[in-house]
Amino acid sequence: MEHVQTISEQRKEGESAPEQDTSATAVPRRRRAGRTTLLIAGAAVLGVLAGTVTGYAVQYHREPTPLPPLAQQKMDGPKPAAMNDATSRRSINATRWHKTDEELAKKLVDLPGGVKDGFSGAVSADAFAASWYLEPSQAVGSLIRDGVKNVATARWAENDRNFVQVHLLQFRDRSGAEGFQAGMVAYMPDKDYAGNSGKDFPGVPADFGHLWIDSKAHEEPGYLPIRQARALIRRGDIVTVVEYTNNRGEVDEKALVDIAKRQMERL
């Protein structure tokens, strides 16, 4: 097999080597522009780093800027006022009031016209416990565990014998209202309270309403005989309690039922 002559052999035969091609078809060399681009990019990076370091150095010598407080220092609302003829429970306890308190109080049954010593409005849970329970400190803890949210009260005297109190207690959820209801149903049959198991409230399902009338008047030497009737009605997360008290030992059940029904209509 014939072999191909090498370039060196061809040159030995007297052929001169071709001149180097300097045209555009020659093998290209590394462009100088690539190095320039790298230099520019490096300078840019160094510039950014230098600016960042300078910024930290300047900030280091400055006094720290105080951050705004996380909590609101001033609350919008009326300032508490000293008690006088023009003040109310709300103006005296302005910092303990919430908008939802007023919304619940608006659902209270209207006071009868011409009554004396009447009151209608929102009350705090501790104030309610202090006026309604024999052991207020324990009662407040129980209300908190049940998740009481708002309390509103209306009270008036029909005459010198009959006294009415209507309480609305709103809880954070239905289970809290059920717990409050269950507690009252449990202790009302005790002799220190109604002394009997009561009966269903007319027109209300058995699980949502109950009515008690004291089995006998509570009598103490030197005091008028006190007898009381109580209605308990639950609707959603709101519990209605109506107390009808007579200081002659007689209670008008029909009057109690009528007041409770009017209150339920407002809800």
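You'll find the structure just up there.
Residues numbered from 1 in each chain as written. Predicted model: local features only at pLDDT ≥ 70, side-chain atom pairs only at ≥ 80, totals over all residues. Heavy atoms only, no water.

## Structural notes on the environment of Gly183
One can find Gly183 in helix H7 (residues 174–187). Note on Gly183: relative accessible area 30%, which makes it partly exposed. C-alpha separation for the pair Gly183 and Ser142, spaced 41 residues apart in sequence, amounts to 9.8 Å. (Helix = DSSP H or I, 4+ residues; strand = E, 2+ residues; numbered from the N terminus. Buried < 20%, exposed > 50% of the residue type's maximum accessible area, 1.4 Å probe, protein only.)

## Side note on helix H8 (residues 253–266)
Given a rise of 1.5 Å per residue, 14 residues ought to cover 20 Å, and the 20 Å separating the end C-alpha atoms of H8 matches this to within 8%. Within H8, burial applies to Ala255, Leu256, Val257, Ile259, Ala260, Gln263 and Met264. Those residues of H8 hidden inside the fold are in contact with strand S2 (148–157), strand S3 (162–171), strand S5 (209–213), strand S6 (227–235) and strand S7 (238–246). The N-terminus of H8 is capped by Asp252, whose side-chain oxygen sits 3.2 Å from the backbone nitrogen of Lys254. (Expected span 1.5 Å × (residues − 1). Contact = heavy atoms within 4.5 Å. Polar contact = N/O pair within 3.5 Å; in protein donor to acceptor, adjacent residues only side chain to side chain.)

## Describing the packing of aromatic side chains
Both the distance between ring centres and the angle between the ring planes are used here to describe each pair of aromatic rings. Enumeration over the complete set of coordinates arrives at 6 aromatic pairs. Relative to Tyr133, the ring of Trp132 has its centre 5.2 Å away and its plane inclined at 90°; by these criteria the two rings are edge-to-face. Each member of the aromatic cluster is reached from another via a ring pair, and the members are Phe128, Trp132, Tyr133, Phe171 and Phe180. (Phe/Tyr/Trp six-rings, centres within 6.5 Å; stacked < 30°, edge-to-face > 60°.)

## Description of the packing of helix H5 (residues 125–132) against helix H6 (residues 136–146)
Helix-helix packing is described using two parameters, namely the angle between the two axes and the distance between the axes. In contact at an axis separation of 8 Å, H5 and H6 are set at 135° when each is read in the N-to-C sense. Here H5 is positioned oblique relative to H6, judged by the angle of their axes. Where H5 crosses over H6, the handedness of that crossing is right-handed. Residues Ala125, Asp126, Phe128, Ala129 and Ala130 of H5 touch H6, and the partners they reach there are Pro136, Ala139, Val140 and Leu143. (Axes fitted to C-alpha atoms, helices over the stretch in contact; angles between N-to-C directions. Parallel < 35°, antiparallel > 145°, perpendicular 65-115°, else oblique. Left-handed = near helix turned anticlockwise from the far one by under 90°.)

## A few points about the pattern of salt bridges
A complete count under the given rule lists 5 salt bridges for this structure. With a shortest N-O distance of 3.9 Å, Glu178 and Arg234 are connected by a salt bridge. On the criterion of sequence distance, the pair formed by Glu178 in helix H7 and Arg234 in strand S6 is long-range, its members being 56 residues apart. Since its relative accessible area comes to 37%, Glu178 is described here as partly exposed. Judged by relative accessible area, which is 8%, Arg234 ranks as buried. Measuring nitrogen to oxygen at the nearest pair gives 2.8 Å for the salt bridge that ties Lys199 to Glu253. With Lys199 in strand S4 (residues 199–200) and Glu253 in helix H8, this pair connects stretches of sequence that are 54 residues apart. (Salt bridge = Lys/Arg side-chain N within 4 Å of Asp/Glu carboxyl O.)

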